[in-house]
Structure formats: structure tokens, C-alpha cells
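# Reading the structure
One letter stands for each residue in the lines below.
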Amino acid sequence: MSPDRPNLLGMTPPELRETLTAHVRQRGQPGYRARQIEEWLFRGDARSFGDMTNLPLPERDVLGDSFRLDEPAVDTVSESSDGTVKHLWALQGGEVVESVLIPTRHRLTLCISSQAGCALKCRFCATGWSGFGRQLSPAEIAGQYRASARWAAEHDRGPVTNVVFMGMGEPLANRKAVFPALTILNAGYGIGARRITVSTVGVIPGIAALAERPEQFRLALSLHAPVTELRAELIPLEKRYPLDQLIKALEAFNRKGGRRITFEYTMIREVNDDPALIAPLAELAHRVQAFVNLIPFNPIPYVEWKPSHPSRVREFRDRLEVAGVPAAVREPRGRDIDAACGQLRARRHGIHR
Ligand code: SF4
């Protein structure tokens, strides 16, 4: 058995087809075997090559000697009283990452991680406080979907309908793995591009690269402040990619057509909820035709901040709508299971303040 067997779960459909076609040819097997294996991976939910019951037994053994089918291993599953389910996944090398299943009336959204930890240190984010571990591979990213979708099916939660890259890490700082993972989710597992949202705090080259992709993936910008000075206090990356350049990158993304942009705005009491910020927020949203999600801050152990008062959150929403900007209030989910992203990992690493 080769010690560095490739993990088939990290291959895009074209890579997989090429690899498997070469393999079955070399084995003297009919060409349709490659398609059968691909079906087991993307549709059939095989956990191992031994599960691929329409392949001859010796071929299953040889596949196991040649390749891996490794998903992230479940470390902990926590279920919230509101139906949110958080998985903590154990990765090779000792890192752990989180994904969250979030049921709403007509959807089951999976929030996945793209990095173990994060280097960008946004002040409102538990992951940022816990520091950077390492980049995830395409298999570790797409594997969170595969394993979560199975868990959801086995626990009568229905199919995963949407995927958002809003878990741990900045996805556009790991494009090498996230871009193939997007292809695997879309072309492999069949999740429509418009049901996949990449969330960024503003990595401009990544936004430009995403705009070049032909699929209409959605983009969410963690805005959190509509003016430069305040944004720089919350998001250190603002100094590298300033707001005016960021909005220009979003305008270019928007010009590609058919790709909705969302602004995420975490509302922190007396930090970024001054009504004077509504007008500049509305102006930015108009420029890129963004939908604004207003999210009351989910307290984390590292800062004293509190969520904005509900009346202030409603005031933002109402005044944005009067200004012609579509907006919604999103309640943080799973508070009782530390679902503010990064909290479980921080606990595991013993990071407390
Ligand atoms: S909000 Fe995102 S980019 Fe910022 S520290 Fe947290 S994980 Fe990193």
C-alpha cells in the first residue's frame, strides 16, 4: 500500500475522471468502472472502497491500496435547542475545525470552514483570537460537506440545500484549496452555484479571481463598518485592502451579472450601531446592489462587547429599507452550543481570556 495514496475526495470531477480512467485502464478493467467509482463518491456515499458493491472484490482491494477516501473524523457533535447542529472535526496533525448545520423553514444550510484558525484577527471573531493553524485541503473542505450531509440524512434533517463558507478561516486566503472545493461541491455533488456563498472580509485579489469563474457563486462581504477608520478598528485587513478599493472590486464582481452580493453587518452596541452610519452603509449597498444582513453580535469570551439593542437593529433595518436597500435581521443561531464560529476550537486549544 502506497503511504502517500491520493485522497479521491479532494479531486474535482475532471481530475477524478482522469485519475480513475488511467487506473482502470492500467488494471485492464472496462472503462465504465471509472464512472461507477465516481458515482459511489458523489452520489452513493461509499465510506470505503469495500462499500462499492458493484465492483469486483479484487478491484476494491486494489483501489484501497492505491487511493484514500478520507473524510474529516467526527470529534464532537453538539445540537442546539434551536435545531442548529455543530460538528467539530478532527483533522490529521491534530487540528480541529467546525461546521454548522442550520435549519430554516425551507432550507438546510451548511456552514463550513476553510482554514484551521485564521490569521486575520478580526476583533469580533473567536477564530481570529485563537490564531492560525493551517490551511485546509480540498478534501478537508469538501469532506465537511460529505460527512455533514450523511449525518443530516441519517438524522432525518433532510438534504443540505445551501453551503456557506462562513466557518473558520478566510476562504479567499486559501484559494488553492477553496477553488477546487467549490468545483467539487458544484460539479461533483451537484449543489447549484447560486446556493453556494463565499464569505470574505475583503481579500481583493480573491474577489477578482472569483469574479473570473464562470459559475455564479454568491459573495458575502463581512463589512461590519461602512467607514474606513471604524472598519480598520474591527478588521485589521482593512489597512491592506481599504474600503474604497474593496467596493471597486465588488462593483467589478457585480458587473459580471447574476451574482448577488450580501453585506454582513454584525451589530455591536456602541461600537458600530450609531444611526449616523446608516447613510454611508446605504450608499455602499446601493453601489453594489447588496442585500444587507444585520446580525446582533454573538458575545465571545475575548471582548466585553454586547449585541446592539433590538430596537437599534430594527432601526437600521427600517431606515435601510426606506433608503431602498433590502435588509434583514438575522438572529445568531446555536448560542447554547458556542456556535459563534471558532469558540469550540478555542476551548479545545485552551484559549480563554
Ligand atoms: S471573521 Fe473570518 S477573516 Fe476575520 S478572523 Fe474570523 S475567520 Fe478570520
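None of these values were measured; they are calculated from a predicted model.

Rules behind the numbers
- Residues numbered from 1 in each chain as written.
- Predicted model: local features only at pLDDT ≥ 70, side-chain atom pairs only at ≥ 80, totals over all residues.
- Helix = DSSP H or I, 4+ residues; strand = E, 2+ residues; numbered from the N terminus.
- Rg over C-alpha atoms; globule rule 2.2 N^0.38 Å.
- Contact = placed C-beta atoms within 7 Å.
- Near = placed C-beta within 6 Å.
- Nonpolar A, V, L, I, M, F, W, Y, C, P; charged D, E, K, R; others polar.
- Pairing = 2+ DSSP bridges.
- Axes fitted to C-alpha atoms, helices over the stretch in contact; angles between N-to-C directions.
- Domains from an automatic or database assignment.
- Core = buried A, V, L, I, M, F, W, Y, C linked by C-beta atoms within 7 Å.
- Buried ≥ 20, exposed ≤ 12 C-beta atoms within 10 Å, placed from the backbone.
- Arc of directions from axis to C-beta.
- Left-handed = near helix turned anticlockwise from the far one by under 90°.
- Right-handed = clockwise from strand over helix to strand, strands pointing away.

What the protein chain contains, in helices and strands, is twelve helices and twelve strands. Computed over C-alpha atoms, the radius of gyration of the protein chain comes to 21 Å, within 12% of the 20 Å expected from 2.2 N^0.38 for 353 residues, which places it in the range of a compact globule. Its C-alpha atoms give the protein chain principal-axis dimensions of about 70 × 45 × 35 Å. The contacts of the protein chain with a sequence gap of at least 6 include a subset with a gap of at least 24, amounting to 67%.

Near the ligand the following residues occur: Cys-118, Leu-120, Lys-121, Cys-122, Cys-125, Thr-127, Gly-128, Met-168, Gly-169, Glu-170, Val-201 and Ser-222. Grouping the amino acids of the shell around the ligand by side-chain chemistry returns six nonpolar, four polar and two charged.

Tracing the sequence through the fold places Pro-56 in the loop between helix H2 (32-42) and helix H3 (57-66). Along the primary structure Pro-56 and Arg-33 are separated by 23 residues, whereas in three dimensions their C-alpha atoms are 9.9 Å apart.

To continue, consider the sheet that holds strand S3 (residues 96-103). Sheet strands associate in pairs through backbone hydrogen bonding, adopting either a parallel or an antiparallel arrangement. Strand order in the open sheet formed by ten strands is S1-S2-S3-S4-S7-S8-S9-S10-S11-S12, with mixed pairing between adjacent strands. Looking at strand neighbours, the two that pair on one side only are strand S1 (73-79) and strand S12 (327-329), the edges of this open sheet. Averaged over all pairs of adjacent strands, the angle between strand axes in this sheet comes to 20 degrees, irrespective of strand direction. Sheet topology note: the strand S8 (residues 196-200)/strand S9 (residues 218-222) ladder contains four bridges and is parallel. Residue pairing for S9: Val-198 is matched across the bridge by Leu-219. The strands touched by helix H11 (residues 310-322) within the sheet are strand S10 (261-267), strand S11 (291-296) and S12, with S12 carrying the most contacts at an inclination of about 165 degrees.

Here we come to the domain arrangement of the protein chain. Taken domain by domain, the protein chain comprises domain 1 (8-66) and domain 2 (73-348). For domain 1 and domain 2, the distance between their C-alpha centres works out to 34 Å. Taken together, the contacts link six residues of domain 1 with 13 residues of domain 2. Its residues placed into classes, the side of domain 1 that touches domain 2 shows three nonpolar, two polar and one charged.

Before going further, it helps to spend a moment on the nonpolar core. Counting residues in hydrophobic clusters, the biggest one holds 98 residues, and the most contacted among them are Val-163, Leu-185, Ala-285 and Val-292. Of the domains in this structure, domain 1 (8-66) and domain 2 (73-348) are the two that each give at least three residues to this core. In contact with Val-292, not counting residues within four places along its chain, are Phe-263, Tyr-265, Leu-281, Ala-285, Leu-320, Val-325 and Ala-327.

Right, let's talk about helix H10 (residues 278-288) for a bit. All buried positions along H10 are accounted for by Ile-278, Leu-281, Ala-282, Leu-284, Ala-285 and Val-288. For H10, the buried positions fall inside an angular range of 165 degrees around the axis, keeping them on one side. Of the exposed residues in H10, those oriented more than 90 degrees away from the buried face are Ala-279 and His-286. For H10, the elements touching its buried residues are helix H9 (243-255), S10, S11 and H11.

Inspection of the secondary structure assignment puts Arg-312 in helix H11. Sequence separation between Arg-312 and Ala-209 is 103 residues; the distance between their C-alpha atoms is 37 Å.

A few words now on the packing of helix H5 (residues 138-154) against helix H6 (residues 175-188). For the pair H5 and H6, the least separation of the axes is 8 Å and the interaxial angle reads 40 degrees. Crossing of H5 against H6: the hand is right-handed. Within the contact between the two elements, H5 uses Pro-138, Ile-141, Ala-142 and Tyr-145 and H6 uses Ala-177, Val-178, Pro-180, Ala-181, Ile-184 and Leu-185.

Extensive coverage of S10 is indicated by the burial of five of its seven residues. Across four bridges, the pairing between S9 and S10 is parallel. Residue pairing for S10: Ser-222 is matched across the bridge by Glu-264. The handedness of the S10 to S11 crossover, carried by H10, is right-handed.

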